[in-house]
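# Inside the fold
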Amino acid sequence: LIVADIEGWLTQSQRKSRVPLTDAWLSRPTMQKIFQAFATNAGSGGQLLSDNMKTQYFNTGVLPGFLQLNWHIVEGQYDNDNLDPQQFVPDNEIIFTNLNYGEAMKIVQGPSADFGAGQGAVGKYMKTWEQGDPSARFALLEYRFLPVITRPDQILVCSDVTQAAA
């Protein structure tokens, strides 16, 4: 009953933060398990997806309106310290957010690390230089920033969400 669990998490989060969550970020296998659980237990989750919703999902990878959320598939990866690939959003995990209300997240600029930028320079810094034979022109653009979560109650991370359906 994954869908019932998700509805419960959303209700509980809205009671605590007083802000409805609007987006869900998850991997493709997790999305498939949720939809499979929804389709086999349609009575507990509402009606099955309309043709328009299916078309929207297959064209864009985003399913607006399912459980009153916008669903986003995240397939990006990064390498950890051991150079092992890691998913940004692991399987069996969903990140629910509302980043559009009250500046839930903002970007803070940091100081430049380049000696040519001068002491205490903040923001973007660019420099260019030329090299002789073979001739080339190089451009370096440096921008140090840090995303800061200012409203953590508008972000809900749920792990092991599809374990009951496996």
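Throughout what follows, the structure given in this document is the object of discussion. (Residues numbered from 1 in each chain as written. Predicted model: local features only at pLDDT ≥ 70, side-chain atom pairs only at ≥ 80, totals over all residues. Heavy atoms only, no water.)

## Considering the environment of Glu 130
Cut-off, in case you're wondering: Under the scheme used here, helices are H or I runs from DSSP no shorter than 4 residues and strands are E runs no shorter than 2 residues, and both carry numbers assigned from the N terminus. By definition, residues are in contact when any of their heavy atoms lie within 4.5 Å. Whenever a nitrogen or oxygen atom comes within 3.5 Å of another N or O atom, the pair is scored as a polar contact, on the condition that within protein one atom can donate a hydrogen and the other can accept it, and that pairs from neighbouring residues in sequence are kept only if both atoms are in side chains.
Structurally, the position occupied by Glu 130 is in strand S8 (residues 125–131). With near-sequence residues (within four places) excluded, Glu 130 lies in contact with Ala 136 and Arg 137. Reaching out from Glu 130, the side chain makes a polar contact with the side chain of Arg 137 at a distance of 2.4 Å.

## Remarks on the side chain of Glu 142
For clarity, the cut-off: Remark: exposure states derive from per-residue accessible area (1.4 Å probe, protein chains only) relative to the maximum for the residue type, with buried under 20%, exposed over 50%, and partly exposed in between. We score Asp and Glu as negative and Lys and Arg as positive, and we do not count His or the chain ends. Salt bridges are counted wherever a side-chain nitrogen of Lys or Arg sits within 4 Å of a carboxyl oxygen of Asp or Glu.
You can see Glu 142 is positioned in strand S9 (residues 136–142). Buried Glu 142, no salt bridge; nearest opposite-charge side chain is Arg 144, N-O distance 5.6 Å. Not counting the four nearest positions on each side in its chain, Glu 142 is found in contact with Ser 112, Ala 113, Asp 114, Gly 123, Lys 124 and Tyr 125.

## Digging into the environment of Thr 128
Locating Thr 128 in the fold gives a position in strand S8. Measuring from C-alpha to C-alpha, the distance between Thr 128 and Phe 138 comes to 5.4 Å, with ten residues separating the pair along the chain. In this structure Thr 128 touches Arg 137, Phe 138 and Ala 139, once residues within four positions along its chain are discounted. A polar contact of 3.4 Å, which involves the side chain of Thr 128, links it to the side chain of Arg 137.

## Digging into the pairing of strand S1 (residues 23–26)
How we decide: Any two strands with at least two DSSP-identified bridges between them are counted as paired.
Two strands pair when backbone bridges link them, and S1 and strand S3 (residues 69–73) are joined in this way by four bridges, in the parallel orientation. Opposite Ala 24, over in S3, you have Trp 71 as the bridge partner. Looking at chain direction, S1 and strand S6 (residues 93–97) are connected through four bridges and run antiparallel. Within S6, the position partnered with Asp 23 by the bridge is Thr 97.

## A look at the nonpolar core
The cut-off we apply is this: Nonpolar cores were defined as sets of buried Ala, Val, Leu, Ile, Met, Phe, Trp, Tyr and Cys residues, with membership established by side-chain atoms within 4.5 Å.
One finds Ile 6, Ile 34, Phe 66, Trp 71, Ile 94 and Phe 96 to be the most contacted residues of the largest nonpolar core, which totals 18 residues. Residue assignment for this core shows that the elements contributing at least two residues are helix H1 (2–17), S1, helix H2 (28–40), S3 and S6. At four residues, H2 tops the list of elements feeding residues into this core.

## Concerning the packing of aromatic side chains
What counts, and what does not: Within 6.5 Å between ring centres, the rings of Phe, Tyr and Trp (the latter by its six-membered ring) count as paired, and their orientation is classed by plane angle as stacked under 30 degrees, edge-to-face over 60, tilted in between. Only when the NZ atom of a Lys or the CZ atom of an Arg is both within 6 Å of the ring centre and within 35 degrees of the ring normal do we say a charge sits over the ring.
Under the definition given, this model contains three aromatic pairs. Look at Tyr 143 and Phe 145: their rings are 5.5 Å apart centre to centre, the planes differ by 35°, and that puts the pair in the tilted class. Over the ring of Tyr 143 we find Lys 124, and its NZ or CZ is 5.4 Å from the ring centre.

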